[in-house]
Amino acid sequence: MARGLRLDVALGRAAPALDPRDRAFTHDLVYGVARLRGRLDHLIGLRVHKGLGRLDRPVLELLRLGAYQLLYMDGVPRYAAVSQTVEQVRAASGQGAAGLANAVLRGVVDAGVSLDLFPDFGTDPVGFLSTWGSHPRWMVDRWLARWTPEDVRALVDADNERPHVSLTPLETAADAAAEVLARAGISCESLGERIGCVRLAFGADPAAALATVCAVVQDPGAHLVTRYADVPEGMKVADVCAAPGGKALALSGRVIYTLAADRSEMRMRLIRENARRTQRAIGLVVADAMHPPFHAMDVVLVDAPCTGTGTLARHPDGRWRLAPASLSAMVEVQRRMLDATAASVRRGGLLVYSTCSLEREENEAQVDAFLERTPGFRLEATDAVPDEYLDDAGHLFVQSWKTGFDGAFAARMRRVA
């Protein structure tokens, strides 16, 4: 697959012509390896003299794929996983590397996946959570400085689970939409009216579900942002980082005008397709949030670019693509975006800032700094979402390891009239 691309984009480009069965197999394999890379590397490293650093990158990647098939894909025969991986290593790096791969894979499968092979959680939580938990050490260190080891273990376990696909119905309540889907033979469950989403069962076809009810694919964590925004009826709303459009479309049913903007023309096409499919009339414009193409809006939603640490189950490659410097770079982008969009909110209007990050610098600290340098705004709490999703200051904070949803943060700020 192409380097430097997100996993979903790379997979889409590398396997466009696969039949559904092969595509599902490939998806499970590459996403599984991305989720458990740290665990696989630890098990492989136990079998490689002088450690993984001595391996060529293609050999290591192939060993990860082979080890995952041996340990986590019951439908793949052991002999097939070993022989095919060895042959691929031979083609990539020669006979010597092939012999090493054969020995490593047979040793890995013979040893299995026992917690005894990993650092002890009680005495070395960082070692355990970065290997068995399969997250970068720097990320684990950050989280352990904020939460208990037990909470961080629950967080990394949640990140290593396969996420559900959820829908936000646009024209019916969640319970009613779930009944319609069930009658159509689509297995799902309503998450209740307090959440407003329907969760599809594994194996259910999202395209069939969208053809059955008017809805958008949207995780409950993301939908809680629109609930938390608590936009009054009859408002003019602008979503400045709108793609793929779920939040803008969810808000469009109760307001008089919705403008969806994004700087990517390709991503704007996704919003246009979703708007046409759901027959929602919204304004569309390709624009950079640093230069908002509007003014005096009643509500401006800034769903800011972020590190995405609340969505690492859905985007498992994100944990390996991020570095400590990624956080500071995102914080600066978010700061500039908040400053640029604040002036486009009318006096008395709302500015709603949100991320899918768990990091304090991108969330609470970002909002506190904005309010300190922008005295014309104040935080305004809302009772539009259940209290369990609010922190002590009144921000929305959806914790993925406690909810099973994507992590999310939002702050609702009123411009003083």
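See the structure above.
About the criteria used
Residues numbered from 1 in each chain as written. Predicted model: local features only at pLDDT ≥ 70, side-chain atom pairs only at ≥ 80, totals over all residues. Heavy atoms only, no water. Phe/Tyr/Trp six-rings, centres within 6.5 Å; stacked < 30°, edge-to-face > 60°. Buried < 20%, exposed > 50% of the residue type's maximum accessible area, 1.4 Å probe, protein only. Lys NZ or Arg CZ within 6 Å of the ring centre and 35° of its normal. Pairing = 2+ DSSP bridges. Helix = DSSP H or I, 4+ residues; strand = E, 2+ residues; numbered from the N terminus. Right-handed = clockwise from strand over helix to strand, strands pointing away. Axes fitted to C-alpha atoms, helices over the stretch in contact; angles between N-to-C directions. Contact = heavy atoms within 4.5 Å. Parallel < 35°, antiparallel > 145°, perpendicular 65-115°, else oblique. Left-handed = near helix turned anticlockwise from the far one by under 90°. Nonpolar A, V, L, I, M, F, W, Y, C, P; charged D, E, K, R; others polar.

**Focus on the packing of aromatic side chains**
Next up, step 1: Here the structure, examined in full by the defined rule, presents seven aromatic pairs.
Next up, step 2: With centroids separated by 5.4 Å and ring planes inclined at 65°, the aromatic side chains of Phe121 and Phe128 adopt a geometry described as edge-to-face. Comparing Phe121 with Phe128 shows no difference in burial state: the two are buried.
Next up, step 3: Each residue in the set Phe118, Phe121, Phe128 and Trp132 is aromatic and connected to the rest through ring pairs, giving one cluster.
Next up, step 4: Against the face of Trp132 rests Arg39, its NZ or CZ located 3.6 Å from the ring centre.
Next up, step 5: For the cation-ring pair, Arg153 lies above Phe121, with the distance from its terminal atom to the ring centre recorded as 4.8 Å.

**Points about the pairing of strand 7 (residues 283–286)**
Next up, step 1: Across four bridges, the pairing between strand 6 (residues 257–262) and strand 7 is parallel. Counterpart to Ala260 in the pairing with strand 7 is Leu284.
Next up, step 2: Handedness of the crossover joining strand 6 and strand 7 through helix 14 (residues 265–278) is recorded here as right-handed.

**Concerning the sheet that holds strand 2 (residues 188–190)**
Next up, step 1: The four strands are arranged 2-3-1-4 in an open sheet whose pairing can be described as antiparallel. Here the strands that pair on one side only, and so sit at the sheet edges, are strand 2 and strand 4 (215–217). Averaged over all pairs of adjacent strands, the angle between their axes in this sheet comes to 25°, without regard to strand direction.
Next up, step 2: When strand 1 (residues 166–169) meets strand 4, the two strands line up antiparallel, connected through three bridges. Looking at strand 4, one finds that Pro169 is bridged to Ala215.
Next up, step 3: Of the strands in this sheet, strand 1, strand 2 and strand 3 (198–200) are in contact with helix 10 (residues 174–183), which crosses strand 2 at around 160°.

**Here's the deal with the packing of helix 16 (residues 324–342) against helix 17 (residues 364–373)**
Next up, step 1: Two elements in contact, helix 16 and helix 17, have axes separated by 11 Å at closest approach and are oriented at 40°. Compared by their axis directions, helix 16 and helix 17 come out oblique. Crossing of helix 16 against helix 17: the hand is right-handed. Along the contact surface, helix 16 presents Val331, Gln334, Arg335, Leu338, Asp339 and Ala342, while helix 17 presents Gln366, Phe370 and Arg373.
Next up, step 2: In the contact of helix 16 with helix 17, the residues fall into four nonpolar, two polar and three charged.

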